[in-house]
Amino acid sequence: MRTVLRRAAAVTLPVVVTAAMTQPAAAEGPAARDGWRLVAAESFDRPLDDRRAPWFRDDDGPGSPYDVDEYDNDGAFFDAVGGPAFREQLAKVRTYRKSFSFGKRGWLTAELAARDDDGDGRPDGAPTLTARDGVAHLDEPSHRGGVLIRSSRPLPAEYRVEMTLRGIDFGGQRGGSWDYPDGRVNGYSPDGCKTNFPWASGGDFSRPECSWLDVRSDANGFYYLGIMDYDRPAPHNNVFIHVHRKVAMDSYNRYKYTGTGLRYCNPATRQYEPYSAGTGNGVNAIFMTDDRRYANQPGTEYLMHSECGVAKGGAIVSQVDLRPELLPDESYRFAIERRDGAYTMEMSGVFAHVGRATFRYTRAFVQDGEPIWHFNQRPEEYDGRFDGEWTWSGPGGTLVDRDTWPAGSAYPDHFIIGDPHMNFYEGGARVDDIRLYVPR
């Protein structure tokens, strides 16, 4: 795995004691900002229209500014697990991107991606990013695209970043049903086939596109706020992000799911409940660690703090259940802090079971022997103790990903808001008041 910077010598930070807690608070209250100084803010009061930026062809090859590592869209991982069939399928995909900076001194950047399905040189079903009436509109009519707002430059050594959510329509139940009155299924359009083609973690890559995994009946979702470990975050395939998150608050809305791979924490009773007990509008606040979550595909293991306790691995925990019907009259605020050798994730708003509340979960960079994946922004923050090697085999041979976290590495933080996948997720969101703070 590519590291951003490599130098010799590293020292280990002391472990910081931490705890999870719940604080009743107004979603816009100032208490959570005590001790912080505002250094950048975007209220979206000025019009924003992505049509001013051109689309350009990008195939993620070695010369592309979006080329990252073995797991990106043309990555060696897919050559190994897919064999020659992967390249044959990838040749059918024509990717287009656009990127532009906005906000004061360009502190924010929009990253959009889409596919040209009919070969006419223009992307089809392309996502859009616009702003009007003080709110940003992220609209994605096709799961074959992606749209993100990210930090243009690496985040400071210590910071608090937050955003306000005014609307969300990336799946989950509406009116008690996964099947919407307008014909959409879990937020997806009913038209045509919708699959994860051409990126999968295994299986027969030679299948026709419409016989791949049906994402419409699988999952929809959205990243409310996440911290990535690589430069220039942008939409890629869904496998890619599983090895590049440090911490994240996202939704993973699985259509009529009745299995044991997801569960809710009821913050009122502090008891876990089956996924079917919620509305499919949960928020998953996850700290990533260095262990592999899956035996046969990329992905770091999950550390999940909630009012029900702390869980490592197993069923994904949703800490809260949103109430989308209250938006935009109400709002939700999501924040991530990096300070004093720890990350904190925070969610404020009106939630199922408890009403208006703020939930904060803090975890040290290294706690109880478990690190937060790629926490070191600088080489001197880390001594190489969690370095590893991942091996993948398939019809294309064997890929060995050496030095997944070596001494001398560095992973500056970048935040994302939106949909980072180019073969999953479809819908729209309304975002307001993105803010960046540093310690006062």
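Data block above holds the structure.
All values reported here derive from a predicted model rather than from experimental measurement. (Residues numbered from 1 in each chain as written. Predicted model: local features only at pLDDT ≥ 70, side-chain atom pairs only at ≥ 80, totals over all residues. Heavy atoms only, no water.)

Peer 1: What should I look at first to understand the overall build of the protein chain in this one?
Peer 2: Helices and strands together make up the secondary structure of the protein chain, namely three helices and 28 strands. Taken over the C-alpha trace, the protein chain has a radius of gyration of 21 Å; the compact-globule value for 440 residues is 22 Å, and the two agree within 12%. Expressed as lengths along the three principal axes of its C-alpha atoms, the size of the protein chain is roughly 60 × 55 × 45 Å. In the protein chain, buried positions account for 61% of the 440 residues. For the protein chain, the proportion of contacts with a sequence separation of at least 24, taken over those separated by at least 6, is 72%. When the accessible surface of the protein chain is summed, it comes to about 16400 Å², and 49% of that surface belongs to carbon and sulfur atoms. (Helix = DSSP H or I, 4+ residues; strand = E, 2+ residues; numbered from the N terminus. Rg over C-alpha atoms; globule rule 2.2 N^0.38 Å. Buried < 20%, exposed > 50% of the residue type's maximum accessible area, 1.4 Å probe, protein only. Contact = heavy atoms within 4.5 Å. Areas by Shrake-Rupley, 256 points an atom, 1.4 Å probe, with all protein chains shown as cover.)

Peer 1: Would you mind showing me how to read the pairing of strand E17 (residues 309-312) here?
Peer 2: The sheet contact formed by strand E16 (residues 300-306) and E17 spans four bridges and is antiparallel. Bridge pairing links serine 306 to glycine 309 in E17. Adjacent in sequence and paired antiparallel, E16 and E17 are bridged by two residues. (Pairing = 2+ DSSP bridges.)

Peer 1: Hey, could you run me through the sheet that holds strand E14 (residues 271-274) in this one?
Peer 2: Either a parallel or an antiparallel arrangement is found when strands of a sheet pair, and the pairing is made through backbone hydrogen bonds. Pairing in this open sheet of three strands is mixed, and the strands run E14-E13-E18 from one edge to the other. The open sheet has two edge strands with one neighbour each: E14 and strand E18 (316-318). When the angles between neighbouring strand axes are averaged without regard to direction, this sheet yields 40°. As judged from the three bridges shared by strand E13 (residues 262-266) and E18, these two strands associate in the parallel manner. (Axes fitted to C-alpha atoms, helices over the stretch in contact; angles between N-to-C directions.)

Peer 1: So what exactly am I meant to see when it comes to empty space enclosed by the protein here?
Peer 2: Rolled over the atoms, a probe sized like a water molecule indicates the empty space that remains. Considering all chains together, one arrives at four cavities of 30 Å³ or more under this definition. One number sums up the size of the second largest cavity: a volume of about 50 Å³. Along its surface, the second largest cavity is lined by Tyr264, Cys265, Asn266, Pro267, Glu273, Ala277, Gly278, Asp321 and His353. Ranked by residue count, the leading element in the lining of the second largest cavity is E13, at three residues. Grouping the amino acids of the lining of the second largest cavity by side-chain chemistry returns four nonpolar, three polar and two charged. (1 Å grid on protein atoms, 1.4 Å probe; cavity = no way out; pocket = protein on both sides within 12 Å on 5 of 7 lines; lining within 4 Å. Points joined across faces, edges and corners; volume = space filled by probe spheres on them. Nonpolar A, V, L, I, M, F, W, Y, C, P; charged D, E, K, R; others polar.)

Peer 1: Could you clarify how one ought to interpret the pattern of salt bridges in this entry?
Peer 2: Should the charged atoms of two oppositely charged side chains come close, the side chains can pair. Tallying each qualifying case throughout the model produces 39 salt bridges. For the salt bridge of aspartate 79 with arginine 87, the shortest nitrogen-to-oxygen distance reads 2.8 Å. Classification of aspartate 79 as partly exposed rests on a relative accessible area of 24%. Between aspartate 218 and arginine 254 there is a salt bridge whose closest N-O contact spans 3.0 Å. With aspartate 218 in the loop between strand E10 (159-169) and strand E11 (219-228) and arginine 254 in strand E12 (residues 245-254), the pair connects residues that are 36 residues apart, well separated along the chain. Aspartate 218 sits in the buried class, given a relative accessible area of 12%. Among the ionic contacts, a cluster of salt bridges with common partners joins Arg33, Arg160, Glu162, Arg333, Glu337, Glu346 and Arg360. (Salt bridge = Lys/Arg side-chain N within 4 Å of Asp/Glu carboxyl O.)

Peer 1: Would you mind going over the pairing of strand E20 (residues 332-339) with me for this structure?
Peer 2: Along a regular strand, successive side chains alternate from one face of the sheet to the other. With respect to burial, E20 is a largely interior element, seven of its eight residues being buried. Relative to E20, E10 is paired through seven bridges, and the arrangement is antiparallel. Note on E20: the bridge partner recorded for tyrosine 159 is arginine 338. Pairing geometry for E20 and strand E21 (residues 342-351), over seven bridges, is antiparallel. Looking across to E21, one finds that glutamate 337 is bridged to threonine 344. Connecting E20 to the antiparallel partner E21 that follows it, the hairpin turn spans two residues, and aspartate 340 within it adopts a positive phi of roughly 55°.

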